[in-house]
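Breakdown of the fold
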Amino acid sequence: MASLQMAALLSAPSTPVPSDRVRLGALRLSASSSSTARNGGALVVRSEAKVSGGGASARGLSLITHAVAEKAAAASSADSKPGHELLLFEALREGLDEEMERDPTVCVMGEDVGHYGGSYKVTKGLATKYGDLRVLDTPIAENSFTGMGIGSAMTGLRPVVEGMNMGFLLLAYNQISNNCGMLHYTSGGQFKIPIVIRGPGGVGRQLGAEHSQRLESYFQSIPGLQMVACSTPYNAKGLMKAAIRSENPVVLFEHVLLYNLKERIPDEEYVLSLEEAEMVRPGEHVTILTYSRMRYHVMQAAKTLVNKGYDPEVIDIRSLKPFDLYTIGNSIKKTHRVLIVEECMRTGGIGASLRSAIIDNFWDYLDAPILCLSSQDVPTPYAGTLENWTVVQPEQIVAAVEQLCK
Amino acid sequence: MAAFSAVKIPPPQFTTVRSSSQRPGSSPAHFAHSPSAFNSISFGSAKSVRSRPLFAVSSDVVSSSDKTKPASSSASNPAVTREVALELYEDMVLGRAFEDMCAQMYYRGKMFGFVHLYNGQEAVSTGFIKLLNQSDKVVSTYRDHVHALSKGVPSREVMAELFGKATGCCRGQGGSMHMFSAAHNVLGGFAFIGEGIPVATGAAFSAKYHHEVLKQSKPEGLDVTLAFFGDGTCNNGQFFECLNMAQLWKLPIIFVVENNLWAIGMSHLRATSDPEIWKKGPAFGMPGVHVDGMDVLKVREVAQEAIARARRGEGPTLVECETYRFRGHSLADPDELRKPDEKAHYAARDPIIALKKYIIEHGLASESELKSIDKKIDDVVEDAVEFADSSPLPPRTQLLENVFADPKGFGIGPDGKYRCEDPLFTQGTAQV
């Protein structure tokens, strides 16, 4: 069954990871069940070995091999496993609630997080449970309340700052770059900033240019910041918990269109690794690297590709900064072809950095140029047709793979 | 849940704050009334704003106007004890001597970059910070050397930081504009104006949270946070946003405006529609107080009341200190725009000379005792320079050590190991 050889990453953040990670990598490629271990009461999932070709995986997360437009977990999971079904925003809330229960210094700050329950209901009910001070409704002053979060993080609290839309955090850029990213360093390590900055971003349904921004490309250069993007209820909860427990400032990117994804997640507590990527579908012909909503476009394209005889390996990179070069590298060493599919704009996006990191590290393993499909460099138009052409669609992904594998 | 209310601590007697004009023994505020003294528009009269008698006005919350009582009154009744007077004197002399030495060291090529000196403003730092406990917090700007010293950061550590040595309070990684001390609760040191104010607001929020949520209350009351910033910052959005939030949640914070009339070369009067900053406090519902920032005893008196209010949970106070910097904005500033008569006016109100005069007049100490304090401080500053000089520069291994509190943030390398497992990674050899 599940192998139990895993160090508890998050319970001892300062100790280096022992080398059984290397053995884990071998496990990952064999179609065994996922590796989990119990340590100190929390289930620490280091990686997720997915079973290829359908069938229930150990955790009950089904492989998404069908069209993503359904936005529901596959029914193919013959689920005799315990667990409970919920939507992605509920998973975020569960993670947040568990952490707030566990640690009284965890608090939430943001616009409409308290009485309103959050504009996407991620914090619904928490103010009633924990009080107005722990779930703080702020005035509309992103720069200042983010700075307030940083100041409280420096003085013993663990705030979770919500940007009602990630785009609003542009107003907090001063604090995020100058203080969040820098203060641990400029203070010579005297102050840590265990803050989580989260919120919905990405292109939605005709929300207009300003509400459709992808800030991951803007924040990625800030030293001292970690960035993760969640894409399923399972990893949303796990990453939320990991981000809160991390001593580093973490930006957690959620996507407006993914909040209603449904999935069955374990009843027992689990925390994911902030730095690891997620193997979504093992394959042999091409490595497709993606994150957030584009994962679903990729999986939809994968279905078409499988029907055409291709065998794509799909990796949800999850950790936007830093990149998990181990998972990514192992894949490239196997397939020798890389396609990056992202929602960032072409210029200066996550894909651009990823491409460069791959060239630096895995040049010798490449049989073809790295293809990167990104959104157009355009302020997201309101019109539905134009908006669809702004982001990468499954047909483009299929065409790119066909081109790569020629 | 009910909105949180002020901490219930019984209020003591209020003392009022007073104006500079009522203070006996202080030199009357006379300077050139002509508009040219301020290089700007006059306000409908030949007298500039500064030449009016200034009253420290507070909102109804703090005190009512009919409770005026004379200041620290006559020569027979000093406002402070001998011990306090000497403590204040020594702290101000330390601030002055340290900054003078900084200037020397800068011109000798021992420190670099932007260095902003505090000469002339010592009364504000000493007047406020000497009333704080160890667990109270101080947040400053780039003009932060003296705030750090007043709070208790050793001169050696500050000087070594300025020299960029590994023994500096921030290991040489911060520099002049980023003085931090966890041990002394100095939360920076910020280069961009205004960006420290939200951090200070957060520290005050934390104090309230520790009391109300974590139930870690102290008998003396809430831990207080002081946010120091200048007149230029008072036109910045973060200032107003934080005034709002601090009053909204009655946070234990004091906004201390060091109004030295100039933001580099921009006169406060040319930048601000209503230059009376203290008035902006009541606009947000908090007391706004104006005080003569060249008089350490007056500053201390205002500070006492503001700090007591904050400790009791009654919320923030905005204190505008009229002060002046004797040197330019930074050591790179030629300081050509400020008029000689303005400078002379404030030089005549040197806070250290004023306190010295007060101490001697009230018989709190002799001239020779004060001189021995001067000498002692000179030795302290010399020692700091020697320490900084002989300290090592940071080694290459220090380069990436403090980027992340948890170095797993550097990620997983191609070999499957965390980059931080490589002993050389802090040198920057590991690719990030």
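Just so it is clear, the model here is predicted, and its values are computed rather than measured.

**With respect to the nonpolar core**
Within the largest apolar cluster, 127 residues are counted, with the highest numbers of intra-cluster contacts made by Phe219 and Ile358 of chain A together with Met159 and Phe255 of chain B. Not counting residues up to four positions away in its chain, the partners in contact with Phe255 of chain B are Ile197, Thr201, Ala227, Phe229, Cys242, Leu243, Ala246, Met286, Pro316, Thr317, Leu318 and Val319 of chain B. Counting residues in hydrophobic clusters, the runner-up holds 38 residues, among them Leu87, Phe89, Cys230 and Tyr296 of chain A.

**Quick notes on unusual backbone geometry**
Residue Pro322 of chain A follows Lys321 of chain A across a cis peptide bond; omega there is 5°. With respect to the helices and strands, Pro322 of chain A occurs in the loop between strand 15 (319–321) and helix 10 (325–335). Residue Gly188 of chain B is joined to Gly189 of chain B through a cis peptide bond whose omega torsion reads 20°. Positive phi values are uncommon outside glycine, yet Asp112 of chain A reaches one of about 60°. Residue placement: Asp112 of chain A occurs in the loop between strand 4 (106–110) and helix 3 (126–130).

**A short note on helix 9 (residues 296–312) of chain B**
Since there are 3.6 residues in each turn of an α-helix, residues three or four apart along the chain are aligned in direction. All names here are of chain B. For helix 9, built from 17 residues, the straight-helix expectation of 24 Å at 1.5 Å per residue is met to within 8% by its first-to-last C-alpha distance of 24 Å. Among the 17 residues in helix 9, 14 count as buried, and that is most of the element. The N-cap residue of helix 9 is Asp295: its side-chain oxygen and the backbone nitrogen of Leu297 are 3.0 Å apart.

**Details of the packing of aromatic side chains**
Residue and element names in this part refer to chain B. Inspection of every chain in the model, using the stated rule, returns 17 aromatic pairs over all chains. Measuring from ring centre to ring centre gives 5.0 Å for Phe410 and Phe425, while their planes differ by 70°; the resulting arrangement is edge-to-face. Of this pair, Phe410 sits in the segment after helix 12 (367–390) while Phe425 sits in the segment after helix 12, and the two are 15 residues apart along the sequence. Three or more aromatic residues joined by ring pairs make a cluster, and in this case those are Phe229, Phe239, Phe240, Phe255 and Phe284.

**Side note on the interface of chain A and chain B**
Across the contact, 65 residues belong to chain A and 60 residues belong to chain B. A buried area of about 5100 Å², summed over both sides, lies between chain A and chain B, and 64% of it is on carbon and sulfur atoms. Together, Leu133, Met148 and Tyr185 of chain A form the three largest contributors to the area buried by chain A at its contact with chain B, with a combined 14%. Run the count over chain A and chain B and you get zero salt bridges. If you look at where chain A meets chain B, you find 20 residue pairs in polar contact (both at pLDDT 80 or more).

**Describing the sheet that holds strand 14 (residues 312–316) of chain A**
All names here are of chain A. With respect to topology, five strands assemble into an open sheet ordered 12-14-13-16-17, the strand pairing being mixed. The strands lining the two open edges of the sheet, one partner per strand, are strand 12 (278–281) and strand 17 (371–375). When strand polarity is set aside, the average angle formed by the axes of neighbouring strands in this sheet is 25°. Pairing of strand 12 with strand 14 involves three bridges; the strand directions are antiparallel. Its bridge partner lying in strand 14, Met279 is registered against Ile315. Packing of helix 9 (residues 294–307) onto the sheet brings it into contact with strand 12, strand 13 (286–290), strand 14 and strand 16 (338–345), and relative to strand 14 it is tilted by some 170°.

**Here's the deal with the UniProt feature "domain: Transketolase-like pyrimidine-binding" (unreviewed entry) in chain A**
Feature annotation in UniProt places "domain: Transketolase-like pyrimidine-binding" (unreviewed entry) on residues 86–261 of chain A, given in this structure's numbering. Across residues 86–261 of chain A one finds 35% helix and 18% strand; the C-alpha atoms that close the span lie 8 Å apart.

Reading the values: rules and limits
Residues numbered from 1 in each chain as written. Chains lettered and ligands numbered in written order. Predicted model: local features only at pLDDT ≥ 70, side-chain atom pairs only at ≥ 80, totals over all residues. Heavy atoms only, no water. Core = buried A, V, L, I, M, F, W, Y, C linked by side-chain atoms within 4.5 Å. Buried < 20%, exposed > 50% of the residue type's maximum accessible area, 1.4 Å probe, protein only. Contact = heavy atoms within 4.5 Å. Helix = DSSP H or I, 4+ residues; strand = E, 2+ residues; numbered from the N terminus. Expected span 1.5 Å × (residues − 1). Polar contact = N/O pair within 3.5 Å; in protein donor to acceptor, adjacent residues only side chain to side chain. Phe/Tyr/Trp six-rings, centres within 6.5 Å; stacked < 30°, edge-to-face > 60°. Buried area = accessible area lost by both parts, 1.4 Å probe. Salt bridge = Lys/Arg side-chain N within 4 Å of Asp/Glu carboxyl O. Pairing = 2+ DSSP bridges. Axes fitted to C-alpha atoms, helices over the stretch in contact; angles between N-to-C directions. UniProt positions renumbered as here; feature names shortened; annotations may be inferred.

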